[in-house]
Amino acid sequence: MLSRTAGNLYWLGRYVERADATSRLLGMGARMTLVPGASSRDDWQSVLDAAGVQRPETSVSGRPEALQALLLNPDSGSSIHSCMQLARFNGRAERTALTSAMWDALNDNWRRFDGMDYRAASRALPDHIDFAQRWAGAFRGAMDTTMLRNDRYGFIRLGSHVERAAMTLRLLEVKYLVLLPERDVIGGGRDLYQWTSLLLASSGLRAYHHLYKGDFAPWNIADLLALNRTFPRSVAFCLHEVNTTLAGLAEAYGQSHPCHEMSAALDTKLSTATMNDIFADGLFEWVSETLHDVLSLSNLIRDAYGF
Amino acid sequence: MGPPGAVRPPYELVAQWIEDTGMALLDLRAKEAEALFRRVGITFAVYGEGGDPERLIPFDLVPRVFGRSEWDRLDRGIRQRASALNAFLYDVYHRREFLRAGHMPEDLVLQNPAFLPQMIGFDPPARVYSHVVGIDLVRMGGDDFAVLEDNCRTPSGVSYMLENREIMMRMFPDLFSKGGIRPVDTYAEDLRRTLEDVAPPACKGQPLLAVLTPGPYNSAYYEHSFLADQIGAELIEARDLFVRDGRVWRRTTRGPQVVDVIYRRIDDDFLDPLTFRPDSLLGIPGLMHAYLSGGVTICSAPGSGIADDKAVYTYVPEMIRFYLGEEPILPNVQTYRLSDTDDCAYVLENLEHLVVKEVDGSGGYGMLIGPKATVQEREAYRKRIEADPAGFIAQPTLDLSTTPTLCGGAIGPRHVDFRPYCLVGKQIRLTPGGLTRVALREGSLVVNSSQGGGVKDTWVLTDDSLC
């Protein structure tokens, strides 16, 4: 396969995933601001931080800026609009590598956000969020049911899991304060709404109740998002998928690269870690270090396959 | 169409079919066809004009039909012309016998921007320069066809020939079930063989073919990916390739792999920045060196574009006599060379009756259609001609033939032209069919897709009539 094809498929996977994750972040922001006292908190700013959008130097961003950056901006690579365009563009460049069902899914209503203004976006925000999730879901479903399990499949899958791991890690990075154990409280009490919105942003509210029962405990929430091996948005789950996919490619090509070594090491690290160790060393430090590792791994994957 | 009310024999089946199907159902089918095209992604891209950047070329359900004897003559004429054009290209880059014999002014070749001095003395594999020759034809009334222009560099549109037929077969299987319409799907196989015919000397085994595209933003990107798919070639961009040890390699997930034959759909200027445009970031550095030393074949050969020049076109009938010793089967449309002072004076006096074209123009841009232009437009164009007469040719407005076309719920006459695609490798291969373009606006003569033209399926019958 051409390296460029591999690159396009990898980024296709990343952009679909990013559109999906960004829609969850927007949902989290919209929900948090419904709680009394929202205006005094930097809820939208935290949403933008979690999406990795550069902070303006002087002002703190509110809802209009957040919707502009995460929904409407046609060029940023962060907004749902531009993620959809970029995913489709990458897919179109590899039109013949996709099944027609996948292409249909990418094509569905792809110009929905063209020229949309803030008012139209804000008025129907829940619809837009639903749409983005259905759009990403339709693509994944089509991929799951129609695509050959070959190297092409592998590169899309690599992209989507690298992106998902990074998104979850950024969410943890932004919200780590509310996940510190009680004794480490920085600056006073935390609200239930912070925990539930965090779980909503990662579609983990139900999963949490299934797995941990009882009251919310920040310890458990961190465990779900970081280490749980059954929760598909956890860092450990995503990196395990990345490792399995890379191992498959190494076998198919009969070639192994530095990315394989690093991915295997990361997978091991996450499967043996416990929340005790992580909190002992510092949650924030662990999250930052792992995020850094994921981005390095992404670069190694690109080096290995030449895109 | 011929005399009012009369159906020419090849169209009898179509007339019968339209009557049996009825306009209401035809209209419905037309909408279904459009949905199919959209779904398959058969679009051409128009960026920078606003609106939908991916547009459909309107597809007309009523086919254009050639009877057997009509086609047999066209077939001979097309092959003849494709051979002569390739012989001319070889000659231009070797002994220039045609020029020495005084058949054509030397400057027209040597001063032409499409002429590439780097190609002088080089023998491309099988001595073929233009491997896909697209010849634009019009019917002049009766059974007389004439050539409007030649496209030796990278004629586009062949994917429509194939897709239009697929859609027609899918929507109207009954029409095809009698077996009287010759298939066109041999084209892909023939193109593959043609490209394999011209593998470079360095290639020892099965040649690896690649289609070189400028990328997804190009208007014909769909066609590039379609063709790559059809002939089992890799669809590549310049940035996928590099040159090492006199050969061309593509970057793959398994490391570098060699490419033998490049069917390029980009212009000469963007092939190799070392040779053509040192300022360009596009292209593959060293490609020309690899080509000239036999490490790779480029199709069409760099420098083939000289045969597309509209002033050179006027000499093609003479080329046929000179190289092949035959009389041209397909004449040119009468053409005035504005480099000739008498012709130029005549044209300037008769602008309102003539079509004037830039010699290196294409796509229907930059031409003056005298009878349709305003006085101001004609005067503006006159100034351009006076500034550089040799940059233009003129042709009478043609009494182009029309064919029946579905428009606004009725069948009406619309002007058409026709582009067959002649493949030249170790032998010449011609698919019975081609691209029929139709000017969908009533009375319009411009069939280019960039200017509101549409396309039709083109049938070549196994007989002169199927009824």
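Residues numbered from 1 in each chain as written. Chains lettered and ligands numbered in written order. Predicted model: local features only at pLDDT ≥ 70, side-chain atom pairs only at ≥ 80, totals over all residues.

**Focus on the overall build of chain B**
Counting secondary structure elements, chain B contains 14 helices and 22 strands. With the principal axes as the frame, chain B shows a C-alpha extent of 65 × 60 × 50 Å. Within chain B, the proportion of its 467 residues that are buried is 45%. Here the contacts in chain B between residues at least 6 apart in sequence split such that 71% fall between residues at least 24 apart. (Helix = DSSP H or I, 4+ residues; strand = E, 2+ residues; numbered from the N terminus. Buried ≥ 20, exposed ≤ 12 C-beta atoms within 10 Å, placed from the backbone. Contact = placed C-beta atoms within 7 Å.)

**Things to note about the sheet that holds strand 6 (residues 209-212) of chain B**
Residues and elements named next belong to chain B. The four strands lie next to each other as 7-6-11-12, forming an open sheet whose pairing is parallel. Each edge of the sheet is formed by a strand with only one pairing partner; in this case those strands are strand 7 (234-236) and strand 12 (297-299). Put simply, the sheet's adjacent strands are angled 25° from each other on average, direction ignored. Judged from the three bridges that link them, strand 6 and strand 7 form a sheet pairing that is parallel. The partner of V211 across the bridge, within strand 7, is L235. (Pairing = 2+ DSSP bridges. Axes fitted to C-alpha atoms, helices over the stretch in contact; angles between N-to-C directions.)

**Describing the interface of chain B and chain A**
The interface is formed by 14 residues belonging to chain B together with 16 residues belonging to chain A. Looking at the side of chain B that touches chain A, the elements that each hand over two or more residues are helix 9 (221-231), strand 7 and strand 9 (247-252) of chain B. At three residues, strand 9 of chain B tops the list of elements feeding residues into the side of chain B that touches chain A. Here the side of chain B that touches chain A is composed, by residue class, of two nonpolar, four polar and eight charged. (Nonpolar A, V, L, I, M, F, W, Y, C, P; charged D, E, K, R; others polar.)

**Description of helix 9 (residues 192-201) of chain A**
Residues and elements named next belong to chain A. Among the residues of helix 9, those classed as buried are Q194, W195, S197, L198, L199 and A201. In this structure, the buried residues of helix 9 make contact with helix 1 (3-32), helix 8 (151-179), helix 10 (205-212) and helix 11 (218-226). Just downstream of helix 9 lies S203, where phi reads positive at about 50°.

**Section: the environment of I301 of chain A**
All names here are of chain A. Counting through the fold element by element, I301 comes out in helix 15 (residues 283-305). In this structure, the C-alpha to C-alpha distance between I301 and I156, residues 145 residues apart in sequence, is 12 Å. Excluding residues that lie within four positions of it along the chain, I301 makes contacts with L158 and C259.

**Some words on unusual backbone geometry**
Residue and element names in this part refer to chain B. For the bond running from C299 to S300, omega is -10°, close enough to zero to count as cis. Structurally, S300 can be placed in the loop between strand 12 and helix 11 (310-313). Although it is not a glycine, R127 adopts a positive phi angle of roughly 55°. At D245, a residue that is not glycine, the phi angle is positive and equals roughly 55°. With respect to the secondary-structure elements, D245 resides in the loop between strand 8 (241-244) and strand 9. According to the C-beta neighbour criterion, D245 is exposed, with 9 such atoms within 10 Å.

**Quick notes on the confidence of the model for chain A**
Per-chain confidence: chain A averages 90 in pLDDT, with 94% of residues scoring 70 or above. Scored below 50 in pLDDT, residues 183-189 of chain A makes three contacts in the model with residues more than four places away or belonging to other chains. (pLDDT = per-residue confidence, 0-100.)

**Examining the sheet that holds strand 15 (residues 368-369) of chain B**
All names here are of chain B. Taken in spatial order, the four strands make up an open sheet running 13-16-14-15, and their pairing is antiparallel. The open sheet has two edge strands with one neighbour each: strand 13 (336-337) and strand 15. Where strand 13 and strand 16 (residues 392-396) come together, two bridges link them in antiparallel fashion. Residue pairing in the sheet places Y336 in a bridge with A394 of strand 16.

**Here we look at the pairing of strand 4 (residues 132-139) of chain B**
Residues and elements named next belong to chain B. Most of strand 4 sits inside the fold, with eight of its eight residues counted as buried. Of the two faces of strand 4, the one carrying V132, G134, D136 and V138 and the one carrying V133, I135, L137 and R139 are both buried. Across three bridges, strand 4 lies against strand 19 (residues 421-424) in antiparallel orientation. Its bridge partner lying in strand 19, G134 is registered against Y421. Pairing of strand 4 with strand 5 (residues 145-151), which is carried by six bridges, proceeds in the antiparallel orientation. Looking at the pairing, G134 lines up with N151 of strand 5. Between strand 4 and strand 5, which pair antiparallel in sequence order, lie five residues; one of them, G141, sits at a positive phi of approximately 110°.

**Some remarks on the confidence of the model for chain B**
Across chain B, the average pLDDT comes to 89, with 94% of residues at or above 70. Scored by ipTM, the complex comes to 0.80, with pTM at 0.83.

**Looking at the packing of helix 2 (residues 43-50) of chain A against helix 8 of chain A**
All names here are of chain A. It is at 8 Å that the axes of helix 2 and helix 8 come closest, and there the two elements cross at 145°. Read as a crossing pair, helix 2 and helix 8 show a hand that is right-handed. Touching S46, D49 and A50 of helix 2 are R170, L171 and V174, all from helix 8. Residues belonging to the contact of helix 2 with helix 8 are distributed by class as follows: three nonpolar, one polar and two charged. (Left-handed = near helix turned anticlockwise from the far one by under 90°.)

**Things to note about the packing of helix 8 of chain A against helix 9 of chain A**
Residue and element names in this part refer to chain A. In contact at an axis separation of 11 Å, helix 8 and helix 9 are set at 165° when each is read in the N-to-C sense. It follows from the interaxial angle that helix 8 and helix 9 lie roughly antiparallel. In this structure, the crossing between helix 8 and helix 9 has a hand that is left-handed. Where helix 8 abuts helix 9, its residues L171, K175 and V178 lie against Q194, W195, L198 and A201. (Parallel < 35°, antiparallel > 145°, perpendicular 65-115°, else oblique.)

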